[in-house]
Amino acid sequence: MCGIVGVIGNESAAPLLVDGLRRLEYRGYDSAGIATSLNGKIHRVRAEGKLANLEKALLTNPIEGTVGIGHTRWATHGAPNETNAHPHATDKVAVVHNGIIENFQTLRQELNSLGYSFHTQTDTEVVPILITHFLKLGKKPEEAVAQTLKKLEGAFALAIVFSDHPDILFAARRGSPLAIGYGNGAMYIGSDAIALAPFTQRVAYLEDGDYALLTREGVTIHDTTGAVAERVIRLTNLTGATVGKGDYRHYMQKEIHEQPSVIGQTLRVFYQSGTGEIHLPDLPFDLKAIPRISIVACGTSYYAGLVAKYWIEKYAKVPVEIDIASEFRYREPILDKGGLSLFISQSGETADTMAALRMCKQLGQHTLSIVNVPSSSMAIESDAALFTYAGPEIGVASTKAFTTQLTTLACFVLALAQARGALPKEEVARLSHALAEVPAVVMEILQNEERFAALAHGLQHASDVLYLGRGTSFAIAMEGALKLKEISYIHAEGYAAGELKHGPIALIDESVPVVVLAPHDHWFDKTISNVQEVVARGGKVILFTDKSGKAHIGDLNAEVVVLPEINTLVTPLLYAIPIQLLAYHVAILKGTDVDQPRNLAKSVTVE
Ligand code: G6P
């Protein structure tokens, strides 16, 4: 999952490519590079590490040319160094690639036996060499690209420039997303519309199997069969301005503080404030008739799904199973006829979730996606999509995307419960009014950020931290552990509090802090018994609860943080905030790169 851009126009390409890459850095930041075609040569500059390093390299080694391609990398094959940085090139052609060429070993061997040698450890390098091979056989660029594409297996998005043909630029898509931007006398390629925002708002998305030939005047798109294809040009509402950090130190902190507003925005789409009714857009399946729901997602989105499982079974009385996408797609699941498969994803592009969606469609399931990016592949390919209105999330550790996912999911659950008669209208209204209180209550917690910053000192030197909870708080415990790992690099585990005694309790001593999420719900007493087990073994506990919870803990040796009291339905939305703040402030104390933690990327478009 790398970011790719391409431009063919009349201005110098290099600054445009860097501008596009800046918006794609969320897809990976192991290395960056650009290449242009000018005077019969490929000109290329690459740098290990973040885009800023490429910018520095371009200052000492500027490159000219009005046609070019650029790349920001999240390493899959080959170490994240300059040699393995894209673009990969021969003297004839340069290529940037997002995805994985699965048969690259076979292709390498074939090309080796034809006398070609390789200089990198990447899967990508076979592409420029194959194209060069076909050019040497006398093929024209378009034929050389078409022949090469036929030989590639796997998922990819490619952009290609030729040294001898500075008037053309190629794009190809199989599996990985790719957008074409229409300018005036210039055309663009980008992994997403955000990359193209500084140049144009007129964007067409390539479909799977498409390849495209761009000139300064326009584009010719071919489908998998080679036939010329038309793809709808859409107007995006994205602007060229990059999303700023405002007065915040990091995007993550800004995004944490945006939650009252984006949760409110998301809620307003579904919730009628007067009546408390929840309205979903028309869905192409009957909510009353669904026998079972399978939820599939990755990472933080998976934990939103886990909360939804508890909610759906409790409030709508529909059986739910939930899977991590990379497991689901290979475990040969048995799905009920007429079942609903629900996919949750911030980006709408995560490769495993996308593959699971396609599999469920093939198996005849109804498909519904909950995504933050309306133009994403999941939104387009599923039978229906419900959106979250988080706006662009730049910090790699997901925060506002998670709580808006929970908001949309809560609305879905209430609509489902009402459609099936599992809850009376009055109860739906009571619960939806509780949901409407969330923005104000989240704001209240955020106003006490200092408290969480102070608590972070207790975790800063730990090498392991346990997060415990039961019910929906179990899901938040896992999300809390993930947040801490991602940005502070402290090992953390989220555990079902009741499962503690089956193993993790062996880890407890005074050096392992235990963060407990325990709103005063029907699991509370059980959770507190587990906390007692931890305290009895010398464990240091930070307990998040509410006023009633505090009144019921008795004599417990723990650091107790009292959060506002709210209906059980919405506690996951609330308890998500302290665990985000805690992780954020531990990372600050540790001095890590909060917005771009090592080895991670925001959108994972490889398996
Ligand atoms: C990556 C991100 C996570 C995200 C996960 C799923 O691992 O770093 O923050 O939760 O992908 O992404 P999705 O876009 O499908 O929600």
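Reading the values: rules and limits
- Residues numbered from 1 in each chain as written.
- Predicted model: local features only at pLDDT ≥ 70, side-chain atom pairs only at ≥ 80, totals over all residues.
- Heavy atoms only, no water.
- Pairing = 2+ DSSP bridges.
- Helix = DSSP H or I, 4+ residues; strand = E, 2+ residues; numbered from the N terminus.
- Contact = heavy atoms within 4.5 Å.
- Axes fitted to C-alpha atoms, helices over the stretch in contact; angles between N-to-C directions.
- Core = buried A, V, L, I, M, F, W, Y, C linked by side-chain atoms within 4.5 Å.
- Buried < 20%, exposed > 50% of the residue type's maximum accessible area, 1.4 Å probe, protein only.
- Salt bridge = Lys/Arg side-chain N within 4 Å of Asp/Glu carboxyl O.
- Near = heavy atom within 4 Å.
- Polar contact = N/O pair within 3.5 Å; in protein donor to acceptor, adjacent residues only side chain to side chain.
- Areas by Shrake-Rupley, 256 points an atom, 1.4 Å probe, with all protein chains shown as cover.
- 1 Å grid on protein atoms, 1.4 Å probe; cavity = no way out; pocket = protein on both sides within 12 Å on 5 of 7 lines; lining within 4 Å.
- Sits in = over half its atoms within 2 Å of the grid points.
- Expected span 1.5 Å × (residues − 1).
- Disulfide = S-S within 2.5 Å.
- Points joined across faces, edges and corners; volume = space filled by probe spheres on them.
- Nonpolar A, V, L, I, M, F, W, Y, C, P; charged D, E, K, R; others polar.

Draft legend 1. Quick look at the sheet that holds strand β4 (residues 67-73). In spatial order, the strands read β3-β2-β4-β1-β10-β9-β11-β15; together these 8 strands make up an open sheet with antiparallel pairing. This sheet does not close on itself; its edge strands, each paired only once, are β3 (41-48) and β15 (234-235). Bridge count for strand β11 (residues 202-205) against β15 is 2 bridges, and the pairing is antiparallel. Paired with R202 across the strands is L235, a residue of β15. Those strands touched by helix α2 (residues 51-60) are β2 (31-38) and β3, and its axis lies near 130° from that of β3.

Draft legend 2. Region of interest: the nonpolar core. In this structure, I293, I312, F412, Y467 and F544 are the most contacted members of the largest nonpolar core, which totals 96 residues. Looking at which element gives the most residues to this core, the answer is helix α20 (residues 571-590), with 12 residues. If we ignore the near neighbours within four places in the chain, the residues touching F544 are F452, L455, V515, V516, L517, A518, P519, V561, L563, Y575, P578 and L582. Counting 29 residues, the second largest nonpolar core, distinct from the first, contains F104, V126, I131 and A172.

Draft legend 3. Region of interest: the pattern of salt bridges. Inspection of the entire model under this criterion finds 26 salt bridges. A salt bridge links E55 to R22; its shortest N-O distance comes to 2.9 Å. With a gap of 33 residues between them, E55 in helix α2 and R22 in helix α1 (residues 13-22) connect regions that are remote in the sequence. With a shortest N-O distance of 2.6 Å, E479 and K483 are connected by a salt bridge. One end of the pair, E479, and the other, K483, are both in helix α17 (residues 472-488), 4 residues apart, so they sit about a helical turn from each other. Exposure remark for E479: the relative accessible area of 0% places this residue in the buried category. By relative accessible area, which is 0% here, K483 ends up buried.

Draft legend 4. Main features of the site of the ligand. Among the 13 residues in the neighbourhood of the ligand, the closest are listed as S301, S345, Q346, S347 and T350. Between an oxygen atom of the ligand and a main-chain N or O atom of T300, the distance comes to 3.0 Å. The backbone of Q346 places a nitrogen or oxygen atom 2.7 Å from an oxygen atom of the ligand. A total of 390 Å² of accessible area belongs to the ligand in isolation, and the protein chains cover 91% of it. The site holding the ligand turns out to be the second largest pocket.

Draft legend 5. Structural detail: α20. The end-to-end C-alpha separation of α20 is 29 Å, in line with the 28 Å expected for 20 residues at 1.5 Å each. In terms of residue burial, α20 counts as a mostly covered element, since 17 of its 20 residues are buried. G591 sits one or two positions beyond α20 and adopts a positive phi of about 70°.

Draft legend 6. Representation of the state of the cysteines within the structure. Evaluation of the coordinates by the stated rule reveals 0 disulfides. Unpaired in this structure, C2 has its nearest cysteine sulfur neighbour in C298, at a distance of 17 Å. Taking the relative accessible area as the measure of exposure, C2 reaches 5% and is therefore buried. No disulfide involves C298; its sulfur sits 13 Å from the nearest other cysteine sulfur, which is in C360. Classification of C298 by relative accessible area gives partly exposed; the value is 23%.

Draft legend 7. Seen up close, the environment of R173. Locating R173 in the fold gives a position in strand β8 (residues 165-174). As for R173 and A155, which are separated by 18 residues in sequence, their C-alpha atoms are 8.0 Å apart.

Draft legend 8. Looking closely at the side chain of T122. Structurally, the position occupied by T122 is in the loop between α3 (104-113) and α4 (126-136). A polar contact of 2.8 Å, which involves the side chain of T122, links it to the side chain of T120. Excluding residues within four positions of it along the chain, T122 makes contact with R73, H77, N84, H88, F104 and R108.

Draft legend 9. Structural context of the layout of surface pockets. In this model, the second largest pocket occupies a volume close to 580 Å³. Considering the residues around the second largest pocket, the lining is formed by 28 residues, among which C298, G299, A601, K602 and V604 are closest to the centre. Secondary structure elements with two or more residues in the lining of the second largest pocket: α9 (299-316), β18 (340-345), α11 (351-362), α13 (400-419) and α17. No other element matches α9, which puts 3 residues into the lining of the second largest pocket.

Draft legend 10. Broad picture of empty space enclosed by the protein. Enumeration according to the criterion identifies 2 cavities of 30 Å³ or more in this entry. By volume, the largest cavity amounts to about 60 Å³. In terms of lining, the largest cavity is formed by C2, R73, W74, T76, H77, H86, H97, G99, T122, D123 and T124. Looking at side-chain class alone, the lining of the largest cavity contains 2 nonpolar, 7 polar and 2 charged residues. Here the lining of the second largest cavity is composed, by residue class, of 5 nonpolar, 2 polar and 2 charged.

Draft legend 11. Seen up close, the sheet that holds strand β20 (residues 384-387). An order of β17-β16-β18-β19-β20 is seen for the 5 strands of this open sheet, with the pairing classed as parallel. The open sheet terminates on both sides in strands that have one partner only, identified here as β17 (320-324) and β20. Taken pair by pair, the neighbouring strands of this sheet meet at an average axis angle of 20°, ignoring direction. Lying on the sheet, α11 is in contact with β16 (293-297), β18 and β19 (366-371); it crosses β18 at an angle near 165°. Strands in contact with α13 are β16, β18, β19 and β20; relative to β18, the strand with the most contacts, it is inclined by about 160°.

Draft legend 12. The arrangement of unusual backbone geometry in detail. Backbone torsion omega between H86 and P87 reads -5°, so that peptide bond is classified as cis. The topology assignment puts P87 in the loop between β4 and β5 (88-89). In this structure, Y489 is a non-glycine residue whose phi angle is positive, near 65°.

Draft legend 13. Up close: the pairing of strand β21 (residues 464-469). Burial analysis of β21 places 5 of its 6 residues in the buried class, which makes it a mostly covered element. Judged from the 3 bridges that link them, β21 and strand β23 (residues 513-517) form a sheet pairing that is parallel. For L466, the partnering residue across the bridge sits in β23 and is V514.

Draft legend 14. Broad picture of the side chain of R216. Looking at where R216 falls in the secondary structure, it is placed in the loop between β12 (211-214) and β13 (219-222). Judged by its relative accessible area of 14%, R216 falls in the buried class. Of note is the side chain of R216, whose polar atom sits 3.5 Å from the backbone oxygen of P166. Side-chain polar atoms of R216 contact the side chain of D167, separated by 3.0 Å.

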